[in-house]
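Residue-level structural notes
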Amino acid sequence: MKSSPVASPLQNHPYQKATVATTHRTVPIAVTEYNLVSFEAGDDELSMTQSLNALYIADTIGQMIVSGVQIANQWNLANGTTSSGTDYGLVDADDYSPFPQFYAMAMWGATGDTLLDVDIARERVDLADRVRVYPTRRADGSFAVVLLNLDDDPIEFDLALPG
């Protein structure tokens, strides 16, 4: 897979976790702000308000969970349109209509509180850079899976959940 914004959560979070691990202390990891684009002038394609940002946010949340992040703050609920025409919010500040990344947050809000160990790349190496699978178990024992296809094409594979 080419280097792309949807590849960056997987590339960045293991590095951050390893950096914290070198302190030999148990400290909570907090990501105090995350988003696809870090400065509005850099978003000349208005990516923040498109489905690409929903994929990025969904995968970033998954990678933060896998990496042990305990606190994460999304910037922000309702930002308003910037001078470049983009918007950093989850919803439009004028009419409260949701942007695509809102649905990434809602999707994670419907998952369980226990992340299960399912490594699709162990079984299908060809999927390692194309699919992210984040299976969770809810308190009632049911499963909820966040599955992200980062490829341009449909992908078919079997998924077996533990237990």
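One structure accompanies this document, and this report is about it. (Residues numbered from 1 in each chain as written. Predicted model: local features only at pLDDT ≥ 70, side-chain atom pairs only at ≥ 80, totals over all residues. Heavy atoms only, no water.)

1. Structural notes on the overall build of the chain
Counting its secondary structure elements, the chain contains 4 helices and 5 strands. In sequence order, the chain lays out its α and β elements as α-β-α-β-α-β-α-β-β. A buried classification covers 37% of the 163 residues belonging to the chain. Accessible surface computed for the chain: about 9,600 Å², of which carbon and sulfur atoms make up 53%. (Helix = DSSP H or I, 4+ residues; strand = E, 2+ residues; numbered from the N terminus. Buried < 20%, exposed > 50% of the residue type's maximum accessible area, 1.4 Å probe, protein only. Areas by Shrake-Rupley, 256 points an atom, 1.4 Å probe, with all protein chains shown as cover.)

2. Quick look at the packing of helix α2 (residues 51–66) against helix α3 (residues 100–109)
In a pair of packed helices, the angle between the axes and the distance between the axes together describe the arrangement. Orientation of α2 relative to α3, taken along the N-to-C sense of each, is 30°, at an axis distance of 7 Å. Taken together, the axes of α2 and α3 are roughly parallel relative to one another. For the pair α2 and α3, the sense of crossing is right-handed. Residues Ser 51, Asn 53, Ala 54, Ile 57, Ala 58, Ile 61, Gly 62 and Ile 65 of α2 lie in contact with α3, whose contacting residues are Pro 100, Gln 101, Ala 104, Met 105, Met 107 and Trp 108. (Axes fitted to C-alpha atoms, helices over the stretch in contact; angles between N-to-C directions. Parallel < 35°, antiparallel > 145°, perpendicular 65-115°, else oblique. Left-handed = near helix turned anticlockwise from the far one by under 90°. Contact = heavy atoms within 4.5 Å.)

3. Observations concerning the packing of aromatic side chains
Here the structure, examined in full by the defined rule, presents 2 aromatic pairs. Taking 5.5 Å as the distance between ring centres and 55° as the angle between the ring planes, the aromatic pair formed by Trp 108 and Tyr 134 counts as tilted. Linking Trp 108 in helix α3 with Tyr 134 in strand β4 (residues 131–137), this pair joins segments that are 26 residues apart in sequence. In this pair, the class of Trp 108 matches that of Tyr 134, namely buried. (Phe/Tyr/Trp six-rings, centres within 6.5 Å; stacked < 30°, edge-to-face > 60°.)

4. Topic: the nonpolar core
With 19 residues, the main nonpolar core has Tyr 34, Ile 57, Ile 61, Met 64, Trp 108 and Leu 148 as its most contacted residues. Of all the elements in the fold, those that place two or more residues in this core are β1 (29–34), α2, α3 and β5 (143–149). At 5 residues, the largest contribution of residues to this core is made by α2. (Core = buried A, V, L, I, M, F, W, Y, C linked by side-chain atoms within 4.5 Å.)

5. Examining the sheet that holds β5
The strand order β3-β4-β5 describes an open sheet built from 3 strands, whose pairing is antiparallel. Every interior strand has two partners, whereas the edge strands, β3 (114–115) and β5, have only one. (Pairing = 2+ DSSP bridges.)

6. A few points about α2
Relative to the 22 Å expected for 16 residues at 1.5 Å per residue, α2 spans 23 Å between its end C-alpha atoms, a close match to the ideal helical length. Turning to α2, its buried residues are Asn 53, Ala 54, Tyr 56, Ile 57, Ala 58, Asp 59, Thr 60, Ile 61, Gly 62, Gln 63 and Met 64. Looking one or two residues past α2, Gly 68 carries a phi angle of roughly 85°, positive in sign. (Expected span 1.5 Å × (residues − 1).)

7. Describing the pairing of β4
Counting buried residues in β4 gives 6 out of 7 residues, a clear majority hidden from the surface. With 2 bridges joining them, β3 and β4 adopt antiparallel strand pairing. Note that in β4 the partner of Leu 115 across the bridge is Thr 136. In this sheet, β5 lies alongside β4 in antiparallel orientation, the contact comprising 7 bridges. Paired with Tyr 134 across the two strands is Val 146, which belongs to β5. Hairpin geometry of β4 and β5 is characterised by an intervening segment of 5 residues between the two adjacent antiparallel strands and by a positive phi of about 95° at Gly 141.

8. Focus on the pairing of β1
Here β1 runs beside strand β2 (residues 69–74); their pairing, made up of 4 bridges, is parallel. When the sheet's bridge partners are listed, Ile 29 is paired in β2 with Val 69. For the segment spanning β1, α2 and β2, crossover handedness is right-handed. (Right-handed = clockwise from strand over helix to strand, strands pointing away.)

9. Description of α3
If you check which residues of α3 are buried, you get Gln 101, Ala 104 and Trp 108. Seen from one end, α3 has its buried residues packed into an arc of 45°, which puts them on one side. (Arc of directions from axis to C-beta.)

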